[in-house]
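# Analysis of the macromolecular model
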There are 2 protein chains.
Amino acid sequence: MASYVIIKAMIEPVVLKGFRDSLPKDEIPKKRIIRKLEDVFSSYGFVPIDTPVLEYTKILLGKGGGETDKQIFRFQDNGGRDVAMRFDLTVPFARFLAAHHDEVGIPFKRYHINKVWRGENPQKGRYREFVQCDFDIVGADNAESDYEILSMMHRSFSALGIKGYTFHISHRALFSIFLENMGLKDAAVDILRTVDKLRKIGEDEVRSLLEEITGDKAKADAVIQYITAGDGSSFMDTLEKLTKLAGGENEASARMREIYSLLEAGGIESSFVFDPSITRGLDYYTGIVYETFLDALPSLGSVCSGGRYNNLASLYTKEELPGVGSSIGLDRLMAGLEELGSPLLANASSADVLIVHGKEETGKAVECAEKLRGCGIRTDIYLNPEAKMKKIYSYAEMKAIPYMLTLSPALTLKDLRTREAKEYASISDLQKEIRLD
Amino acid sequence: MASYVIIKAMIEPVVLKGFRDSLPKDEIPKKRIIRKLEDVFSSYGFVPIDTPVLEYTKILLGKGGGETDKQIFRFQDNGGRDVAMRFDLTVPFARFLAAHHDEVGIPFKRYHINKVWRGENPQKGRYREFVQCDFDIVGADNAESDYEILSMMHRSFSALGIKGYTFHISHRALFSIFLENMGLKDAAVDILRTVDKLRKIGEDEVRSLLEEITGDKAKADAVIQYITAGDGSSFMDTLEKLTKLAGGENEASARMREIYSLLEAGGIESSFVFDPSITRGLDYYTGIVYETFLDALPSLGSVCSGGRYNNLASLYTKEELPGVGSSIGLDRLMAGLEELGSPLLANASSADVLIVHGKEETGKAVECAEKLRGCGIRTDIYLNPEAKMKKIYSYAEMKAIPYMLTLSPALTLKDLRTREAKEYASISDLQKEIRLD
């Protein structure tokens, strides 16, 4: 009867729909990836910030309520304040800049890697809680700052050991000039949103939507001609074509030319294609825009996107703060890396060596462990001296520990992958043998 | 008129009461400290996990509602679910274990460093959003696992370069045996809570509260005698005294003896004192309990606390999961390190070198920057080629960048701390000169 009561009182250990635990096999690679990205960002003089998870709802929804509105986690706190959990890192950054631009120094180069929350319906690979990784330069509007972001994207992907990625870059203002010349200025927002869907719905569908929007088959064709001008052409050829379509040289085409020459100076131009179909739907971009695709996984979608915007913080301050930034979709990138069998994800071992010992050897085990840790070797001790070997092997396998060390009669190191064992006279002899990753 | 409208529409960029932004000067050291801790934890075979920020309220409040209840951020989500933001990392860990103990392998050694939220009234140095750093071993109940946690605490503080810290350790069961022998078993919880306040309210106040609770001056005196038995005595002497007061040898005293011999085997016994006044108020501890004080800042309070508990996850599973764990109060520790002038907090430079260049040298600047970054030198480029030198110096100072590099007529590196400048023939000559931190 008592046990019945206990069972009744138990709570099922479930998480909310759209949320998930991160187990060591996922959390170890995620931390490894974040460290590599942070190291790259630091090498460019970018600094980290953080902001509160909760903010006044009016700060977060200031403008562009609409669709986002229904998707945010919003509530009244115990003090009766209307609060919400951040749904991106851009709005909090704008508020942060308005509050602190004097303290941080402009131009300001920051990164922010942390969770955001959206109440949208969970789909395959989409969660209500996920990590964003944003990096921006604020307070400079020139080709050099555009380049710095692009270069940092390139070095990030290279540092992650990803083979085969292409940055698709375009310029929103150049497209706008083209549309204006076509007499399509008023339909620009709808056209941008439609073109943004090209990858999802295909050229024919986009064409018929454009015909609907413009009410003019020839104009729809011209837009299609513009957005497909990059197909198979070099960066500079595409730039020439588009400049012509947009009615000749202008500030936007000059900026693109300047950016390309910097990409050449940096020796990274081959990873960039001029792709005029990139528009980034959202309406706050004013200059370059870009998306990033893994060559082997085009269907994954963009894993790193962004662009140049003006006056990010205009809702909160009169200070003019033009910027350029980018965001890596960490969860999507990790899904891609997993599909590609990246070694970054494969190795989630908890330790380099597992010390296994009898009850009388605990002191000796502790001594050995402290010595190995002092040499930078990740050392786990198996904590049940009475366990059967089968259980210990299964423990080591579960935690992907490559070496096992037993203490008597001699120090014996066993490579659990090859099953080879070797005796050693001392810990210092032995530690040289353990390959560190 | 138009500008009036704009000003009216502006939103004040404020954060919620009890919340704060983390600026680079705080976020850089925080990330540095977390990395050092993670490296230590990894060296013991501990692995990271993460859990959702939002959980079902019934999961988080399962037991021990009461006080915590009013302090949590709790609301109905858009699907009508009763949800709350986690207020610690212990309850989510218990739920995690119940759900995943088969997948992670027992014993399980995990750490979890992340934010938690409490709606308590903000005080000096206390916030509604703060970072906890928890590490636990679950699935083993022996002196060796107790030792592993204590050793990891020691190595963590040592890795942070903290000079002068003492771990105050006691044993809850030994105290309980003593109280039982005194006929004070029923008052145990109240007595534990009272003794826990010793550091805050002093011995006299504790004595008079104990007299109230026990209704017996002699018994109150005996409790005071027990909890002050450690004053000025060695670990083993204190253990002898307390064992005698508790009526002779028992399991708890044997465990403490075993732990001490392991501390000796690890060569770290001098950082541990047996302090029977440590009880950790909370009622779920069943074995050793400990707090950590910085010798130079006793008034700061404990910066790392924890103990042994039984059946952490009993609310969610029938699996028996005894454990031992500890939690570093990262914000409090950082406040302490700041007060002590720790170099860990002092250096928050955004880059090693700032490249300053004229408009015509942008390509060359980019080339130099890429080379330096390739050598592991954090390189910022000043992004406004038309700025006055005064502005550039103030930028470098604000971001604590130690070196400035100009490109013409020759590569010239200036140490901004000494004001000394030197010319170089090439980037590879120059990069050897920049000391990396």
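Every chain begins its residue count from 1, and numbering advances along the sequence as written. All chains are assigned letters beginning with A, and all ligands numbers beginning with 1, in the order in which they are written. In view of the model being predicted, local features appear only for residues whose pLDDT reaches at least 70, and side-chain atom pairs are presented and counted only at 80 or more, with totals across whole chains, interfaces and linings using the full set of residues.

All right, on to the interface of chain B and chain A then. With C-beta atoms placed from the backbone, a contact is any residue pair whose C-beta atoms sit within 7 Å. Residue-level contacts link 79 residues of chain B with 79 residues of chain A. Secondary structure elements are taken from DSSP: a helix is a run of H or I of four residues or more, a strand is a run of E of two residues or more, and numbering for both begins at the N terminus. When residues of the side of chain B that touches chain A are assigned to their parent elements, the largest contribution, seven residues, is made by helix H5 (residues 90–104) of chain B.

Residue and element names in this part refer to chain A. For two strands to pair, DSSP has to find at least two bridges joining them. Reading across from one edge, S1-S5-S6-S11-S10-S9-S7-S8 is the order of the eight strands in this open sheet, with mixed pairing throughout. Lying at the two open borders of the sheet, with one neighbouring strand each, are strand S1 (47–48) and strand S8 (272–274). Inter-axis angles, ranging from 0 to 180 degrees, are taken between N-to-C directions of lines fitted to C-alpha atoms, where helices are fitted over the stretch in contact. Against the sheet, helix H7 (residues 172–181) engages strand S7 (165–171), strand S9 (285–294) and strand S10 (304–309), with an angle of about 115° to S9. Sheet contacts for helix H13 (residues 330–339): strand S6 (129–138), S9 and strand S11 (323–329); angle to S11, the most-contacted strand, approximately 45°.

Domain ranges listed in this record stem from an automatic or a database domain assignment. One can read the domain layout of chain A as domain 1 (24–344) and domain 2 (353–431). Here the C-alpha centre of domain 2 of chain A lies 49 Å away from the C-alpha centre of domain 1 of chain A.

Here we take up the sheet that holds strand S16 (residues 421–424) of chain A. All names here are of chain A. Pairing is mixed across the open sheet formed by five strands, whose spatial order is S13-S12-S14-S15-S16. One side of each edge strand has no neighbouring strand; the edge strands of this open sheet are strand S13 (379–381) and S16. Recorded for the sheet is a direction-independent mean angle of 25° between the axes of neighbouring strands. As defined by bridge partners, strand S12 (residues 353–356) adjoins S13 across three bridges and the pair is classed as parallel. Looking at the pairing, Ile355 lines up with Ile381 of S13.

A separate point is unusual backbone geometry. Of the consecutive residues Ile106 of chain A and Pro107 of chain A, the connecting peptide bond is found in the cis state with omega at -5°. Examined against the element boundaries, Pro107 of chain A turns out to sit in the loop between helix H5 (90–104) and strand S5 (108–117). Residues Ser408 of chain B and Pro409 of chain B are joined by a peptide bond in cis, for which omega reads 5°. Here Pro409 of chain B shows up in the loop between strand S14 (403–406) and strand S15 (411–415). A positive phi angle, close to 55°, is found at Ala400 of chain B, a residue other than glycine. Position of Ala400 of chain B among the secondary structure elements: in the loop between helix H16 (389–398) and S14.

Attention now goes to the relation of the copies chain B and chain A. Note on the identical chains: chain B maps onto chain A by a rotation of 180° and an axial translation of 0.0 Å, with an RMSD of 0.0 Å. Between the two chains, the operation in question is that of a two-fold axis. Taking the C-alpha atom as reference, chain B places Phe75 of chain B closest to the rotation axis, 3.1 Å from it. When the interface residues of chain B are mapped onto chain A, 100% of them again fall at the interface, so both copies present the same face. What sets the superposition is a least-squares fit of C-alpha atoms, and only residues with pLDDT of at least 70 in both copies go into it.

Attention now moves to the pairing of strand S4 (residues 82–85) of chain A. All names here are of chain A. Sheet topology places strand S2 (residues 54–56) next to S4; three bridges connect them, and they run antiparallel. Paired with Leu54 across the strands is Met85, a residue of S4. Pairing geometry for strand S3 (residues 74–76) and S4, over three bridges, is antiparallel. Its bridge partner being in S4, Arg74 is matched across the sheet by Ala84. In textbook terms, the turn of a hairpin is the stretch between consecutive antiparallel strands, and for S3 and S4 this stretch comprises five residues, one of which, Gly80, has a positive phi near 80°.

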